[in-house]
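Here are the chains, one letter per residue:
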Amino acid sequence: MKEISNKANLQVLHEDNHLIIVNKRVGDIVQGDKTGDKPLSEVVKEYIKDKYNKPGEVFLGVVHRLDRPTTGIVVFARTSKALTRLNELFKNRETQKTYWAIVKNKPELAQSKLVHYIKRNEKNNSSKAHTKEVPDSKLASLEYTVFKELTNYFALEINLHTGRHHQIRAQLASINSPIKGDLKYGFDRSNPDGGIHLHARKLVFIHPVSKELVTIVAPVPNEVLWKAL
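Calculation rules
- Think of each chain on its own: its residues are numbered from 1, step by step along the sequence as written.
- Only residues with pLDDT of at least 70 get local features here, since the model is predicted, and only at 80 or more are side-chain atom pairs given and counted; chain-wide, interface and lining totals rely on the full set of residues.
- With hydrogens and water excluded, all non-hydrogen atoms of the structure serve as input to the side-chain values.
- For helices the rule is a DSSP run of H or I covering at least 4 residues; for strands it is a run of E covering at least 2, with both sets numbered from the N terminus onward.
- We call two N or O atoms a polar contact when they sit within 3.5 Å, provided that within protein one can donate a hydrogen and the other can accept it, with sequence-adjacent residues counted only if both atoms are side-chain atoms.
- Contacts are residue-level and defined by heavy atoms, with any inter-residue pair within 4.5 Å sufficient.
- Within 6.5 Å between ring centres, the rings of Phe, Tyr and Trp (the latter by its six-membered ring) count as paired, and their orientation is classed by plane angle as stacked under 30 degrees, edge-to-face over 60, tilted in between.
- Counting as a charge over the ring demands two things of the Lys NZ or Arg CZ atom: a distance within 6 Å of the ring centre and an angle within 35 degrees of the ring normal.
- A cavity here means a set of 1 Å grid points, computed over protein atoms only, where a 1.4 Å probe fits but cannot escape. A pocket is an open set with protein on both sides within 12 Å along at least 5 of 7 lines, and lining residues have an atom within 4 Å of a point.
- Grid points are joined across faces, edges and corners, and a volume is the space filled by probe spheres set on the points.
- Three classes are used, and their members are as follows: Ala, Val, Leu, Ile, Met, Phe, Trp, Tyr, Cys and Pro are nonpolar, Asp, Glu, Lys and Arg are charged, and the others, Gly among them, are polar.
- One fewer than the residue count of a helix, multiplied by 1.5 Å, yields its expected span.
- Burial classification: accessible surface area is computed with a 1.4 Å probe over protein chains only, and a residue below 20% of its type maximum counts as buried, one above 50% as exposed, and the rest as partly exposed.
- By definition, two strands form a pair when at least two bridges between them are found by DSSP.

1. Regarding the side chain of Thr 162
Then comes step 1: Tracing the backbone through its elements, the reader meets Thr 162 in the loop between strand E11 (153–160) and helix H3 (167–174).
Then comes step 2: At 3.0 Å, the side chain of Thr 162 and the backbone nitrogen of Ser 141 are in polar contact.
Then comes step 3: Polar contacts involving the side chain of Thr 162 include one to the side chain of Gln 167, which spans 2.8 Å.
Then comes step 4: If sequence neighbours within four positions are ignored, Thr 162 has contacts with Arg 93, Leu 139, Ala 140, Ser 141 and Gln 167.

This is the structure:
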């Protein structure tokens, strides 16, 4: 855990010459947006600049994003070569992504595959999961397993097959199991920190340069329900 100049605690999970992987906290935005808030990408750039005494601008490529209220693994590229190859890996779904989610309503099936057509609404920044194809929708697929029963809640492990906008949130809401704290998708109250109980837990991929298998696991946030897992 590294204290940095903007008072954030940057938790680096993996670091080499070509990439850096961090554990995103609730509220962090991965890339700059209209809010004007300092993005995680800038925080990581500062970390690299300070650690390696780099003069001038630090190169950092954003490979993928996580929603602001979620936590977990975010990958950045430190070289243009790595960025190009990582973009291909993610685009071609040559990564294994595992998420953990905590929901109040137990899904009917303890284990299942969900296939929907996701349609994004740009106006209110949300997505809806449809059972049949509708105009401008994209196929979305995931598998989940209920792996732990908590007091009043259930923990799901999710293997993501596609990476659609708000996919997990919309698909779980469609089976009446919205994620804890996710007001946008039907949960009845927000979490105190404004986040939701969705965590990018594990990522497995082939390193873009060394070609070695990389397995990253992100510790869960320091919060009562997460710690119960």
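Moving on from the coordinates now.
2. Things to note about the packing of aromatic side chains
The description of an aromatic ring pair rests on the distance of the ring centres and on the angle between the ring planes.
Then comes step 1: Here the structure, examined in full by the defined rule, presents one aromatic pair.
Then comes step 2: The ring of Trp 100 has Arg 201 sitting right over it, with the charged end atom 4.2 Å from the ring centre.

3. Remarks on the layout of surface pockets
Then comes step 1: Within this model, the largest pocket holds a volume of roughly 1,500 Å³.
Then comes step 2: Lining the largest pocket are 41 residues; nearest its centre among them are Arg 65, Asp 67, Arg 164, His 165 and His 166.
Then comes step 3: Mapped onto the lining of the largest pocket, the elements with two or more residues apiece are helix H2 (80–91), strand E7 (96–103), strand E8 (111–121) and H3.
Then comes step 4: Within the lining of the largest pocket, the residues separate by chemical class into eleven nonpolar, 13 polar and 17 charged.
Then comes step 5: Within this model, the second largest pocket holds a volume of roughly 370 Å³.
Then comes step 6: Residue lining of the second largest pocket: 21 residues in total, with Arg 25, Thr 71, Val 220, Pro 221 and Asn 222 positioned closest to the centre.

4. Points about helix H1 (residues 40–51)
The periodicity of an α-helix, 3.6 residues per turn, causes residues three or four positions apart to be oriented the same way.
Then comes step 1: Taking 1.5 Å as the rise per residue, H1 with twelve residues should run 16 Å; its terminal C-alpha atoms sit 16 Å apart, in good agreement.
Then comes step 2: All of the buried residues along H1 are Leu 40, Ser 41, Val 43, Val 44, Lys 45, Tyr 47 and Ile 48.
Then comes step 3: Positive phi appears at Asn 53, one or two residues downstream of H1, with a value of about 50°.

5. Focus: the environment of Leu 10
Then comes step 1: Mapped onto the secondary structure, Leu 10 falls in strand E2 (residues 9–10).
Then comes step 2: Here the alpha-carbon distance between Leu 10 and Val 22, two residues twelve residues apart in the chain, equals 7.1 Å.

6. Some points on the pairing of strand E10 (residues 138–150)
Then comes step 1: Sheet topology places E8 next to E10; eight bridges connect them, and they run antiparallel. Within E10, the residue paired with Gln 111 across the bridge is Thr 145.
Then comes step 2: Examined bridge by bridge, E10 and E11 share eight bridges and lie antiparallel to one another. Within E11, the residue paired with Lys 148 across the bridge is Ala 155.

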